[in-house]
Amino acid sequence: MTDKEYRDLKKRLEKIIYDWHGALGLGWWNMEYLYNRDGKPPIYSEDTNYCTVMTCEAKWPYLKATIEINMPPLLGLDDETLEADLVHEWMHVFLNEMSEKNDKDHKHEERVATQLAKAFIWTRDKGRKEAK
């Protein structure tokens, strides 16, 4: 990943973060974003056929969360996909306190985070369309 690719991608991600952070009510949270430039191998799940390119670690009692963004696999993605991935991670911020510590694969939380992310994006898009 070149310096320019890193800067351009980070700028695109920061715009999405700016657009969504307040709208989702995350202003109460201390959010940290780690932009992993070197990249970790994406976590591939055979049962979902999906690669994990972002992760969220929420410390819900303290309203703190860290989203780690694995930059290299994101290079070819469009803004719509980047947005969907980020909104999905933010849903984990809200859902994390309901996870069980012994739930190793978090399949239920993953499905709910995906569904909520799609619902938030659909609602935003519908509102924009009706406002025109």
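Residues numbered from 1 in each chain as written. Predicted model: local features only at pLDDT ≥ 70, side-chain atom pairs only at ≥ 80, totals over all residues. Heavy atoms only, no water.

Their axes nearest at 8 Å, the elements helix 2 (residues 79-95) and helix 3 (residues 107-131) cross at an angle of 120 degrees. Judged by the angle between their axes, helix 2 and helix 3 are oblique. Judged by the sense of rotation from one axis to the other, the crossing of helix 2 with helix 3 is right-handed. From helix 2, Glu83, Ala84, Val87, His88, Met91, His92 and Leu95 reach across to helix 3, where they touch Glu109, Glu110, Val112, Ala113, Thr114, Leu116, Ala117, Phe120, Ile121 and Arg124. Residues of the contact of helix 2 with helix 3, tallied by class, amount to 10 nonpolar, 3 polar and 4 charged. (Axes fitted to C-alpha atoms, helices over the stretch in contact; angles between N-to-C directions. Helix = DSSP H or I, 4+ residues; strand = E, 2+ residues; numbered from the N terminus. Parallel < 35°, antiparallel > 145°, perpendicular 65-115°, else oblique. Left-handed = near helix turned anticlockwise from the far one by under 90°. Contact = heavy atoms within 4.5 Å. Nonpolar A, V, L, I, M, F, W, Y, C, P; charged D, E, K, R; others polar.)

With that settled, the discussion passes to the sheet that holds strand 5 (residues 64-70). Taken in spatial order, the 3 strands of this open sheet run 1-5-4, and their pairing is mixed. If you trace the sheet from one side to the other, it starts and ends with strand 1 (30-36) and strand 4 (54-59), each paired once. Averaged over neighbouring strand pairs, the angle between their axes works out to 15 degrees when direction is ignored. Relative to strand 5, strand 4 runs antiparallel, the two being bridged by 6 bridges. By the bridge assignment for strand 5, Met54 is matched with Ile69. Sitting on the sheet, helix 1 (residues 3-21) touches strand 1, strand 4 and strand 5, and the angle it makes with strand 1 is about 160 degrees. (Pairing = 2+ DSSP bridges.)

Ranked by internal contacts, the top residues of the largest apolar core, which has 30 residues, are Leu13, Ile69 and Trp90. At 7 residues, helix 2 tops the list of elements feeding residues into this core. Leave out the neighbours within four places in its chain, and Leu13 touches Tyr35, Met54, Ile69, Met71, Leu74, Leu82 and Leu86. (Core = buried A, V, L, I, M, F, W, Y, C linked by side-chain atoms within 4.5 Å. Buried < 20%, exposed > 50% of the residue type's maximum accessible area, 1.4 Å probe, protein only.)

Its 17 residues give helix 2 an end-to-end C-alpha distance of 24 Å, which sits within 8% of 24 Å, the value for a rise of 1.5 Å per residue. The buried fraction of helix 2 amounts to 12 of the 17 residues, a majority that puts the element mostly inside the structure. Where helix 2 is concerned, the buried positions are Leu82, Glu83, Asp85, Leu86, Val87, His88, Glu89, Trp90, Met91, His92, Val93 and Leu95. (Expected span 1.5 Å × (residues − 1).)

Here the focus is the pattern of salt bridges. Inspection of every chain in the model, using the stated rule, returns 9 salt bridges. When the shortest N-O distance is used, the salt bridge between Arg124 and Asp125 registers 2.8 Å. Overall, Asp125 belongs to the partly exposed group, its relative accessible area being 37%. A single network of salt bridges, built from pairs that share partners, joins Glu83, Arg124 and Asp125. (Salt bridge = Lys/Arg side-chain N within 4 Å of Asp/Glu carboxyl O.)

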